[in-house]
Amino acid sequence: MSAAVGAPALRARRRRREGGLRAALTLLAGSLAVVYGGCLMYLLLRGGWKALAVSYYAMPKVGVQGEDVARFLLAALYYGGLASLVLRVAVGVVQRAAPALSLPRHTLRNATLGVALLGALFARDHLPRFLLFLPSEVRAGGGVGPQIFNTLYLAVLSTAVTLPLGLGAALYVARFARSGPFVAALRTALDTLASLPSIVYGLFGFLVFVVELRAGYSLFGGALVLALLNLPVVVGIAEESLRAVPREMEEASLALGATPVQTAFRVTLPYAWPGILSALVLSVGRVFAESAPLIMTAGTTISRGSAYSFDPFRGGETLAVHLWYVNSAGLSPDKGDVSAGTAAVLVLLIVVTNGAAARLARLGGPSGPRARRILQA
Amino acid sequence: MRFAALIAVALLGCDRTPPPAPGELVDSVTSLSELGATRVRISGSSAQQPLVNAAKERFEAAHGGVSVEVSAGGSRKGLADVASGAVHIGASDLFAPPDLRGALVDHRVAVVGFAIMAHRGPYNDRVDALGVRELAAIFSGRVRDWRELGGDPQPIVVINRAPGSGTRTVVGQMLLGGEPFVEAKTEDNSGALVDKLRQSKGAISYLALSFTTPDVRVFPIRTERGAVEPTEANIVTGAYPLWAYEHMYTKGAPTGAVRLFLDYVLSPEFQERVLPSVRGFIPVTAMAVSKDED
Amino acid sequence: MNKAVAASPSVLDAAAPPRMRRRGRSYEGVVRGALAASGAVVVVATVAMLGYLTWAGVRGIQAAGLGELLFGTRWRPEEGLFGGAPLLVGTLTSALGAVFVGAVPAVLTAIWLTELAPPGVKQGYRRLMEVASALPSVVYGWLALMHLVPLMGRVAAALHPAHERVGGEGLATASVLLGVMIAPTVLLLSLDALARVPQPLREASLALGGSVLDTAFRVVLPCAWRGVVVAVFFGFARAAGETMAVQMVIGGARQLPSTLFSPTTTISTQVVMDMQNARPHTPEHDVLFAMSLVLLVLSTIIVLFTRAIARGRP
């Protein structure tokens, strides 16, 4: 007990000040949550309708080469995604209502795949028109079908480059590196790549592909540039996953007669695979989100002749670039709606990607906080 | 989770707007061009974009194997790109500069007029028209308030186009006589610029006539003949001074798919039926006056 | 039998029994070579990229002069004036503003989450921030264009009624946008930094009679200050390098900002806008690379600084 006379009053004042500060901090945190949650909700609600509502009438074909395949794939993704969401809840409800009822093992997965296949076969013309139609420069009613295709294709192309390069470099550094200087150079190179502003990648890609090689805008150039962009993250997380593999397993393999290379590929890599996969999925998320490097390497155009083409040396606009283009250079009268729809599709793609990455990361390898430390370091 | 699933179910079968009629979609592919899959690359003027896109949509529909890739960037970029070989056609509102003129072949595909557009506010209702000298003073920053032009006190907010824009260069040469523009906020995208003119009090800028809309004020220009409205009739006779040719420059004579495209754009079918339907453009043949320099 | 081979630093080689090392050498060698090659490709690509950009940038510096690029006030490439001060000032001030608007609230919220929040809130909040940090910058830019710019226009008109060069697009809008963009990342990094503070430290402080807030600001934060400072600097670097979203809302006026709401420009914005018109191998083209080089140097300084701070981590 304090002997000072004013102690209770002092404590009361301190409590009030503390309470005020607490309230202020709570308010701050709350407003931040409202801002970001509000942004997400606004994006989904404003654009979600247009982008996601199944159409009652069948949409006619636009008459572009490759459109059938594209519609099929898109329908499979769309109905599969819808089914997985609804079925999961349904299964949960059923299990809670009748706990004694035991469903076969892979009910959920098979049901989802079944719905996806059925939808792709019979209902692919009933997809929302926004996802099916070509964009329009000057008229209302444009869609983002080719942009979705380009975004996903670019993600595949870019991962095809990032995977061998990143995994190779990570494996080398984690398990096979001999010389100090080379590893140091590699680490410095990765640190440098991580600190470059994204526009520098765009400039370099523009210089090399468009100016020097006269190759014009190409998805290939965009994929290479994005692969460079993603390397620091992928190598960092992959290296951490590989290092986390218990030494005993590798030693056991080596003791049984496997060579170091065999051990690396048959023991180390499979063990670290979930973490590596989560790194790749994160890099895919980054590909979805980048616009500046792509504007200068893959361009901002969609042509009827190559809208759904698998040729990687043609230019193509992705969703993020389309969002920028519609607001900066586009002349369509409904650009507010188109922007909202594009943003909604982007947000959904990213949410799904993030969710997949999180689930994969939890499966094995490094746990969440360590992965993020590598990500942002 | 359950919330998301509910929304997902609610979205099923909810878009009951009927699909577009077959005529609204561009025609389906009728024939494959004998050239196979080729690309025609065009870049440059943003004022010319509506015209190029109208041509592109119809050309691609008629020639299934050819892709026309259009990007903007401004007239100067178009000229730079075609000179360096990065694109096949450079779309420009400007004549090619002297050092490039030898290598580039000029195809004049249309005439476009430029308008002085401003925010429609009560403060400039009394201003009927703006003379060339007044416009020069506005865009060079010497006059800073609508009050000095006969309206109510309201600061003039100049919005510039990008330095590479053909519109800016044409307006700069015809109104300012080479005097530099005031440094003000830049908006190169015509659509966004119209939005800004609609929203910002006191705003004034210059755009191609294709972008006029009733809720933004379009100022007639006061010349010796009085206040001249930017109409097609006035441009054709030369009464309205702000106009320019829409050039499609090629490096040397065009060949192959590029030649097919240019032939289509210069064909009577396009010039007489499609071009007049794209707002703001006039066929070159309709002009009563002409010019050889900017 | 055990040939004591000189200590090989390769992890797997060290663990393998000596006799086994000789098996399948050709296949081994090829694969090892391929792995080393991928590392080499990374290094070569980085060097090539930096080298090319530096070479083009140096050409630009020679064309315009370093003093002019850093301190000249008029950027008019069409007239041969290459004063880069408006670009530099725009970049630095908008990034600084972003730190105030975004990074500081993010750190405070991270403290709230770690010390004061009810138990279940942290995980949900974290997931929200992870999604928010993964959103494309153009999405934030578009949202700002639709809603923030008109709002700021009204604020600017209220504060500077007679000034004709202020409006919705300007320094303040860009700062707010950048702040909103960097806050989730700064928050997540700060959460990690605060999580590394050992729990016994908090308990000791509370046991000594400190309140929760006292503990937070006088014990936990000083302990985690390195990680938090790294997070804030990371946000600053990201804000300085952001291109497309800023280009949509900053106004593109090539002038030094006279008020908070003046339109101005940043290095990356101007480079993207001018790159369209510049013909390769001309001074206008090369100075853009010179300005990018300046941005690069700035980012590198920040990164080196943060690494120096981070290295002192306990």
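Rules of the game
- Residues numbered from 1 in each chain as written.
- Chains lettered and ligands numbered in written order.
- Predicted model: local features only at pLDDT ≥ 70, side-chain atom pairs only at ≥ 80, totals over all residues.
- Helix = DSSP H or I, 4+ residues; strand = E, 2+ residues; numbered from the N terminus.
- Buried ≥ 20, exposed ≤ 12 C-beta atoms within 10 Å, placed from the backbone.
- Contact = placed C-beta atoms within 7 Å.
- Nonpolar A, V, L, I, M, F, W, Y, C, P; charged D, E, K, R; others polar.
- Domains from an automatic or database assignment.
- Pairing = 2+ DSSP bridges.
- pLDDT = per-residue confidence, 0-100.
- Expected span 1.5 Å × (residues − 1).
- Bend = angle between axes of the 7 residues up to and from the residue.
- Core = buried A, V, L, I, M, F, W, Y, C linked by C-beta atoms within 7 Å.
- Axes fitted to C-alpha atoms, helices over the stretch in contact; angles between N-to-C directions.
- Left-handed = near helix turned anticlockwise from the far one by under 90°.
- Parallel < 35°, antiparallel > 145°, perpendicular 65-115°, else oblique.
- Right-handed = clockwise from strand over helix to strand, strands pointing away.

**Some thoughts on the overall build of chain B**
Within chain B, the regular secondary structure consists of 10 helices and 12 strands. A burial count over chain B gives 47% of its 294 residues as buried. Within chain B, contacts between residues at least 6 apart in sequence are counted, and of these 75% link residues at least 24 apart.

**Some words on the overall build of chain A**
Each helix and strand in chain A was counted, giving 14 helices and zero strands. Helices and strands in chain A line up, N terminus first, as α-α-α-α-α-α-α-α-α-α-α-α-α-α. Dimensions along the principal axes, computed over C-alpha positions, put chain A at roughly 85 × 65 × 60 Å. A separation of at least 24 residues holds for 80% of the contacts in chain A among residues at least 6 apart in sequence.

**A short note on the interface of chain A and chain C**
With 75 residues of chain A in contact, the opposing surface of chain C contributes 74 residues. Ranked by residue count, the leading element in the side of chain A that touches chain C is helix α1 (residues 7-52) of chain A, at 15 residues. Tallied by class, residues from the side of chain A that touches chain C come to 51 nonpolar, 16 polar and eight charged.

**Concerning the domain arrangement of chain A**
Residues and elements named next belong to chain A. Under the domain assignment used here, chain A contains domain 1 (67-127) and domain 2 (145-376). Here the C-alpha centroids of domain 1 and domain 2 sit 29 Å apart. Counting residues at the interface gives four residues for domain 1, matched by four residues for domain 2.

**With respect to the sheet that holds strand β10 (residues 226-228) of chain B**
Residues and elements named next belong to chain B. Ordered by their spatial adjacency, three strands build an open sheet running β5-β9-β10, and the pairing between neighbours is mixed. Looking along the sheet, the strands with just one partner apiece sit at the ends: β5 (130-131) and β10. As defined by bridge partners, β5 adjoins strand β9 (residues 221-223) across two bridges and the pair is classed as parallel. Residue L130 lies in a different strand from β9, and its bridge partner there is I221.

**Brief notes about the confidence of the model for chain A**
On average, residues of chain A score 83 in pLDDT, and 92% of them are at 70 or above. Confidence drops under a pLDDT of 50 for residues 364-374 of chain A, and excluding neighbours within four residues, the segment shows 25 contacts in the predicted structure.

**Details of helix α4 (residues 85-116) of chain C**
Residues and elements named next belong to chain C. Compared with an ideal rise of 1.5 Å per residue, which puts 32 residues at 46 Å, α4 spans 44 Å between its outermost C-alpha atoms and is within 8% of the ideal. When the local axis directions of α4 are compared, the greatest deviation, roughly 35°, occurs at V99. Of all 32 residues that make up α4, 23 are buried, and the element is covered over most of its length.

**Structural notes on the pairing of strand β3 (residues 89-92) of chain B**
All names here are of chain B. Taking every second residue as pointing to the same face, both faces of β3 are buried, with I89 and A91 on one and G90 and S92 on the other. Sheet topology note: the strand β1 (residues 38-44)/β3 ladder contains three bridges and is parallel. Residue pairing in the sheet places G44 in a bridge with A91 of β3. Here four bridges tie β3 to strand β11 (residues 243-251), and the two strands are oriented antiparallel to one another.

**Let's talk about the nonpolar core**
Counting 292 residues, the largest nonpolar core has L346 of chain A, F114 of chain B together with V139, L177, V186 and M291 of chain C as the members making the most contacts within it. When residues of this core are assigned to domains, at least three fall in each of domain 1 (67-127) and domain 2 (145-376) of chain A. When residues no more than four places from it in sequence are discounted, the contact partners of L346 of chain A are F288, L319 and A320 of chain A together with P136 and V139 of chain C.

**Here's the deal with the packing of helix α2 (residues 67-97) of chain A against helix α3 (residues 107-122) of chain A**
Axis angle and axis distance: for two packed helices, these are the angle between their axes and the distance between the axes, and together they describe the pair. All names here are of chain A. Look at α2 against α3: their axes get within 7 Å of each other, and the N-to-C directions meet at 145°. Judged by the twist between their axes, the crossing of α2 over α3 is right-handed. From α2, F72, A75, A76, Y79, G80, A83, S84, L87, R88 and V91 reach across to α3, where they touch T107, L108, A111, T112, V115, A116, L117, G119 and A120. Classifying every residue of the contact of α2 with α3 gives 13 nonpolar, five polar and one charged.

**With respect to the packing of helix α9 (residues 212-241) of chain C against helix α12 (residues 283-311) of chain C**
Residues and elements named next belong to chain C. It is at 9 Å that the axes of α9 and α12 come closest, and there the two elements cross at 170°. By the angle between their axes, α9 is roughly antiparallel relative to α12. Mapping the contact onto sequence places R226, V229, V230, F233, F234, F236, A237, A240 and G241 in α9 and L295, L298, S299, I302, V303, F305, T306, I309 and A310 in α12. In terms of residue class, the contact of α9 with α12 is made up of 14 nonpolar, three polar and one charged.

**Concerning the confidence of the model for chain B**
Residues and elements named next belong to chain B. For chain B, per-residue confidence averages 83 on the pLDDT scale, and 87% of positions sit at 70 or higher. Across residues 23-37, where pLDDT falls below 50, the model places 24 contacts with residues more than four positions away in sequence or in other chains. The ipTM, which scores confidence in the relative placement of chains, is 0.85 for this predicted complex, and the corresponding pTM is 0.86.

**Here we look at the pairing of β1 of chain B**
Summarising burial for β1 of chain B: five of the seven residues are buried, a large majority. A crossover connection joins β1 of chain B to the parallel strand β2 (residues 66-73) of chain B through helix α2 (residues 49-62) of chain B; in handedness this β-α-β unit is right-handed.

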